[in-house]
Amino acid sequence: MDKFVIRGGNPLLGTIRVSGAKNSALPCMAAAILTDDEVILENIPQVRDIETQRKLLVSMGAEVELGYGRAQHRTTISCRLLSDPVAKYEIVKTMRASSLVLGPLIARTGLARVAMPGGCAIGGRPIDLHIKALEQMGAIIVQQHGYLEARAQRLKGAHLIFDKITVTGTEDLLMAAVLAEGDTLMENCAREPEVTDLATLLVAMGARIEGAGTSTIRVKGVETLHGARHRINPDRIEAGTFLVAGVITGGDLCVANCNPAHLSSVIDKLEECGARIDTLSEDSIRVRSEGNLRSADISTEEYPGFPTDMQAQYMALLTQAEGSSVVKENIFENRFMHVQELVRMGANIKLDGRTATVRGKTPLSAAAVMCSDLRASASLVLAALVADGESILDRVYHMDRGYERIEEKLRGVGAQIRRMGNVFNSRRETVEVEN
Ligand code: EPZ
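Treat the numbers as computed from the prediction; the structure is a model and nothing was measured.

Draft legend 1. Just the layout of surface pockets, in detail. Here the second largest pocket defines a volume of roughly 770 Å³. What lines the second largest pocket is a set of 32 residues, among which R17, V18, S19, H73 and N257 lie closest to the centre. Among the residues making up the lining of the second largest pocket, the classes are represented as 9 nonpolar, 12 polar and 11 charged.

Draft legend 2. Expanded view of the sheet that holds strand β4 (residues 63–67). Here we have 4 strands laid out as an open sheet, ordered β4-β5-β3-β14, and mixed in their pairing. Looking at strand neighbours, the two that pair on one side only are β4 and β14 (228–231), the edges of this open sheet. Each adjacent strand pair in this sheet contributes to an overall mean axis angle of 10°, direction not counted. Across 5 bridges, the pairing between strand β3 (residues 38–42) and strand β5 (residues 74–78) is antiparallel. Its bridge partner being in β5, V39 is matched across the sheet by I77. Strand contacts of helix α2 (residues 48–59): β4 and β5, with the helix running at about 160° to β4, the strand carrying the most contacts.

Draft legend 3. Seen up close, the site of the ligand. Around the ligand there are 23 residues in total, and D128, T166, T168, D309 and I331 lie nearest to it. A distance of 2.7 Å separates a nitrogen atom of the ligand from a polar side-chain atom of D128. Here an oxygen atom of the ligand sits 3.3 Å away from a polar atom, N or O, in the side chain of R335. Calculation on the ligand without its partners gives an accessible area of 820 Å², and the protein chains cover 90% of this total. For the shell around the ligand, the secondary-structure elements that each account for two or more residues are α1 (22–31), α5 (128–136), α6 (167–177) and α12 (374–386). If you tally residues by element for the shell around the ligand, the top one is α5, at 3 residues.

Draft legend 4. Structural context of the pairing of strand β24 (residues 390–394). Here 5 bridges tie strand β1 (residues 3–7) to β24, and the two strands are oriented antiparallel to one another. Counted as the bridge partner of K3 is D394 from β24. Here 3 bridges tie strand β23 (residues 368–370) to β24, and the two strands are oriented parallel to one another. Each bridged residue has a counterpart across the sheet, and for V369 the counterpart in β24 is L393. Assessed by its sense of winding, the connection that carries the chain from β23 through α12 to β24 is right-handed.

Draft legend 5. Inspection of a negative patch on the surface at higher detail. A contiguous patch of negative charge on the surface is contributed by D36, D37, E38 and E65. Along the chain, E65 falls in strand β4. Looking at E65, the relative accessible area reads 56%, which means it is exposed.

Draft legend 6. Inspection of the sheet that holds strand β16 (residues 276–281) at higher detail. Spatial strand order, β2-β15-β17-β16: 4 strands in an open sheet with mixed pairing. Each edge of the open sheet carries a strand with a single partner, namely β2 (13–17) and β16. The sheet shows a mean angle of 20° between the axes of neighbouring strands, taken without regard to direction. Pairing geometry for β16 and strand β17 (residues 284–288), over 5 bridges, is antiparallel. Bridged to T279 within β17 is I285. Sitting on the sheet, helix α8 (residues 236–248) touches β2, β15 (252–256) and β17, and the angle it makes with β15 is about 170°.

About the thresholds
- Residue numbers restart at each chain and count upward from 1, following the sequence in its written direction.
- With the structure being a predicted model, the display of local features is reserved for residues of pLDDT at least 70 and the display and counting of side-chain atom pairs for 80 or more, all residues being used for whole-chain, interface and lining totals.
- In computing side-chain properties, one takes all heavy atoms of the structure into account and sets aside hydrogens as well as water.
- As defined here, a cavity is a set of points on a 1 Å grid over the protein atoms alone where a 1.4 Å probe fits but cannot get out. A pocket is an open set with protein on both sides within 12 Å along at least five of seven lines, and residues line them when an atom is within 4 Å of a point.
- Grid points are joined across faces, edges and corners, and a volume is the space filled by probe spheres set on the points.
- Residue polarity follows a fixed list, in which Ala, Val, Leu, Ile, Met, Phe, Trp, Tyr, Cys and Pro are nonpolar, Asp, Glu, Lys and Arg are charged, and the others, Gly among them, are polar.
- Whether two strands pair depends on DSSP finding at least two bridges between them.
- Helix and strand assignments follow DSSP, with helices taken as H or I runs no shorter than four residues and strands as E runs no shorter than two, numbered in order from the N terminus.
- Under this scheme, a helix contributes an axis fitted over its contacting stretch, all axes are lines through C-alpha atoms, and angles between N-to-C directions fall in the 0 to 180 degree range.
- Contact between two residues is taken to exist if any of their heavy atoms lie within 4.5 Å; hydrogens are not considered.
- The rule for a residue being near a molecule or strand is that one of its heavy atoms must lie within 4 Å of it.
- By the criterion applied in these results, polar contacts are pairs of N or O atoms within 3.5 Å in which, for protein atoms, one can donate a hydrogen and the other can accept it, and in which residues neighboring in sequence qualify only through two side-chain atoms.
- Reported accessibility uses the Shrake-Rupley method at a 1.4 Å probe radius. Residues are deemed covered only where the shown protein chains occlude them.
- A clockwise course of the path from the first strand over the helix to the second, judged with the strands pointing away from the viewer, identifies a crossover as right-handed.
- Two joining distances apply to patches: 9 Å for like charges and 5 Å for nonpolar side chains (Val, Leu, Ile, Met, Phe, Trp, Tyr), and every residue must have over 30% relative accessible area and no salt bridge.
- In what follows, salt bridge is the name for a side-chain nitrogen of Lys or Arg lying within 4 Å of a carboxyl oxygen of Asp or Glu.
- In this charge count, Lys and Arg are treated as positive and Asp and Glu as negative; neither His nor the chain ends contribute.
- Charge positions come from single atoms, namely NZ of Lys, CZ of Arg, CG of Asp or CD of Glu.
- Whether a residue is buried, partly exposed or exposed follows from its accessible area with a 1.4 Å probe, protein chains only, as a fraction of its type maximum: under 20%, in between, or over 50%, in that order.

Written as structure tokens, this is what we have:
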């Protein structure tokens, strides 16, 4: 089982580079199902979830090249021969975002069998809103034996109003609508940059979409889509995680290959805590802190509000801020798995339902801790970077799902971090490393 060994105390100094956004790459890879031409995606992150998406597409009959050479980080996908439109449970259970193939499969083949994604550490994660909207477009969906079976001669444009804002729900239905007969009006859509990134790819493939990135999206269905080449957005959550790392360690860090425009709510909060943040260019941000952090409340919201995917990382920072901060998690019902581990390191955090109260500043002491999900893992890495002594983080495979070679990137700016166990790499081998 992979572990990280982290000795705290070093300020992070220098330049750290952000990879492509996992949560853009996943829907964009699914979008390749919509055409029998080749789709080429660049700036793909070398993370486990991308490998899982590759396996899923290949299991359906797609050809997927995935390379991470120096100049690459590219995938070429051809879904010309989709022989088996089934997303099998063995794969879906490891990545619930597999449900992103539901809409494109129905749109392209008229048939989809997708294993119901179970819940995960942070919540039940239902996809009822995806199902409801697809049924409104004429799909007949039957749930049995843990699978969704969806059929439609051809989906029909409809007026869809999402009861709740759902990121992958918006993306799934966008991909369903682009090949539907007639027009689709989608309201109460997610406005995340990953939705806009997907829409940019779909338009490059010949789709007719207006309003992506706003709450209201209009789609005019077309008969077919063609191939395209598209560069994936930088990962705004990885960038935000690195900004917090620069602040919590009292460092002076340049976060490069990012998009500052996607980080406004995170930057505002870090400045409220007393960090100094300068946007150096359209793709880099400098963050500095000499300590003396102040408490600042957060309430997670859909984009452009403070992202739920940054809540755990920000909570680690609040343990080092003077005063009491209230953290409200409004998106998921169980996204405080990092709290007890932070408390074991010395943090003072009290939970009450979806609200956590953090009292700082508390010195953190190194400990053996357990990662539970992707962003909780990031929170524990950040805490270990300032804890007194050497922490051991277990089950860091959670981290590998969404952070590319994070131990190498952090070591490159002065962190004392090494991996024990097997490193995930693009050749899908695992090699014993202690680096
Ligand atoms: C996406 O998940 C992201 N994943 C998540 O990132 C992110 O935390 C989340 O959006 C919120 O920003 C990907 O993009 C692959 P939702 P998604 O549908 O789409 C409820 C990470 O760390 N809901 O926007 O699954 C749901 O339970 C991951 O990279 C329904 O009730 O999230 C939640 O409470 C974690 N019914 C809320 O809506 C539905 O049909 C928002 O969920 C769909 C969602």
